[in-house]
Amino acid sequence: MSEHQLKLKQDVAQAALHYIDDGMILGVGTGSTVNCLIELLPKRRLKGAVASSQATEDKLKALGIEIMDLNFVGELDLYIDGADEVNPNLQLIKGGGGALTREKIVAAASKQFICLVDESKWVTQLGLEFPVPIEVLPQARSYVARQLVKLGGEPVYREGFVTDYGNVILDTYHLAVNSATDMEQTLNNIVGVVCNGLFAANQADKLLLAKESGVEVLSR
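Predicted, not measured: the structure shown is a model, and the values here were computed from it.

**Q** A description of the packing of aromatic side chains should follow, citing residues and the corresponding values.
**A** If you walk through the whole model with that rule in mind, you get one aromatic pair. Measuring from ring centre to ring centre gives 5.2 Å for Tyr 79 and Phe 113, while their planes differ by 40°; the resulting arrangement is tilted. Here Tyr 79 is found in strand β3 (residues 78-81), whereas its partner Phe 113 is found in strand β6 (residues 113-118), with 34 residues between them in sequence. Take Tyr 79 and Phe 113: they sit in the same class, and that class is buried. Above the ring of Phe 199, the side-chain terminus of Lys 104 is found at 4.9 Å from the ring centroid. Looking at Arg 158, its charged tip hangs above the ring of Phe 161, at a distance of 5.2 Å from the centre.

The following block contains the structure:
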């Protein structure tokens, strides 16, 4: 990561801190941009946090932030996470780090989802550059891959990677994501698919976009 890109990530993390109140139970995502935010969280007196991955959980614990179980805290006020791609409708591709299912669960259980990205993640159409990660039950890997090929995709098995839930990931290139909402549902309907990295039903409510000129705030 270049110094310039790191500065953009730090800038957008600092901007996100303004949306976090003392006493919150905060949903915290995964990835390099969120890691910049995690470093700042001791500036707030959080009641606790719900983590979207084991990696995030470990980082929060190291800072003394209490980890809470989503089953026992009810609806969260706020979830903050990054993205691998975001379009003008604030629909996302997530899952480059492999935590897409937990991320989607926490996003769905939150009143508001704020997404943090630098300008390199902004695209006009999802999936042209970054593949759509798809979490799959191990037994169904070959079957799901064949169905993805029928949809025009090129699935690549993420070698040596197992999700927090013990599943595998097919990174799927060249999917024609003309409608993120339709494609998300189509992928979910394939037997053996646990979750996919298109966040259309659970798109961001607010986007903090770090640019050279500053952090731009977009809302849907």
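**Q** Describe the sheet that holds strand β7 (residues 132-136), listing the residues and the values that go with them.
**A** Strand order in the open sheet formed by four strands is β8-β9-β7-β10, with antiparallel pairing between adjacent strands. Strands at the two margins of the open sheet, each flanked by one partner only, are β8 (154-157) and β10 (193-196). Taking each pair of neighbouring strands and ignoring which way they run, the sheet shows an average axis angle of 30°. Sheet topology note: the β8/strand β9 (residues 168-173) ladder contains four bridges and is antiparallel. Paired with Val 156 across the strands is Asp 171, a residue of β9.

**Q** Quick one: what's the story with the pattern of salt bridges, residue by residue and with numbers?
**A** Scanning the entire structure with this criterion turns up 13 salt bridges. Measuring nitrogen to oxygen at the nearest pair gives 2.8 Å for the salt bridge that ties Lys 7 to Asp 11. Placement of both Lys 7 and Asp 11 in helix α1 (residues 3-17) is noted, with a separation of four residues, approximately one turn of the helix.

**Q** Could you give me a rundown of the side chain of Glu 103, with the residues and numbers involved?
**A** Following the sequence through the fold, Glu 103 ends up in helix α5 (residues 100-108). According to the relative accessible area criterion, Glu 103 is buried, its value standing at 4%. Apart from residues no more than four positions distant in its own chain, Glu 103 is found in contact with Thr 30, Ser 52, Tyr 79, Asp 81, Lys 94, Gly 95 and Phe 199.

**Q** Could you give an account of the pairing of β7, naming the residues involved and the relevant values?
**A** Judged by how many residues are buried, β7 sits mostly within the fold: five of five residues are covered. Covered by surrounding structure in β7 are Val 132, Ile 134 and Val 136 together with Pro 133 and Glu 135, the residues of both alternating faces. As judged from the five bridges shared by β7 and β9, these two strands associate in the antiparallel manner. Looking at β9, one finds that Glu 135 is bridged to Ile 169. Two strands pair when backbone bridges link them, and β7 and β10 are joined in this way by three bridges, in the antiparallel orientation. If you follow Glu 135 over to β10, its bridge partner there is Cys 195.

**Q** Give me the environment of Leu 90: which residues, what numbers.
**A** Mapped onto the elements of the fold, Leu 90 is located in the loop between β4 (85-86) and β5 (92-93). Classification of Leu 90 as buried rests on a relative accessible area of 2%. Expressed as a C-alpha distance, the spacing of Leu 90 and Thr 56, which sit 34 residues apart in the sequence, is 23 Å. Excluding its chain neighbours within four sequence positions, the residues that come into contact with Leu 90 are Gln 203, Ala 204, Asp 205, Lys 206, Leu 207, Leu 218, Ser 219 and Arg 220.

**Q** Lay out unusual backbone geometry with the relevant residues and their values.
**A** Of all residues except glycine, most have a negative phi; of all peptide bonds, most are trans. For Leu 90, which is not glycine, the phi torsion reads 65° and is therefore positive. Unusually for a residue other than glycine, His 174 sits at a positive phi of about 65°. You can see His 174 is positioned in the loop between β9 and α7 (180-188).

**Q** Kindly report on the sheet that holds β5, identifying the contributing residues and their values.
**A** Judged by pairing direction, the sheet is antiparallel, and its three strands sit side by side in the order β4-β5-β11 without closing on themselves. The sheet is open, and its two borders are formed by β4 and β11 (198-199), each paired with just one other strand. Two elements, β5 and β11, share two bridges in a ladder whose sense is antiparallel. Looking at β11, one finds that Ile 93 is bridged to Leu 198.

Cut-offs used in this document
Residues numbered from 1 in each chain as written. Predicted model: local features only at pLDDT ≥ 70, side-chain atom pairs only at ≥ 80, totals over all residues. Heavy atoms only, no water. Phe/Tyr/Trp six-rings, centres within 6.5 Å; stacked < 30°, edge-to-face > 60°. Helix = DSSP H or I, 4+ residues; strand = E, 2+ residues; numbered from the N terminus. Buried < 20%, exposed > 50% of the residue type's maximum accessible area, 1.4 Å probe, protein only. Lys NZ or Arg CZ within 6 Å of the ring centre and 35° of its normal. Pairing = 2+ DSSP bridges. Axes fitted to C-alpha atoms, helices over the stretch in contact; angles between N-to-C directions. Salt bridge = Lys/Arg side-chain N within 4 Å of Asp/Glu carboxyl O. Contact = heavy atoms within 4.5 Å.

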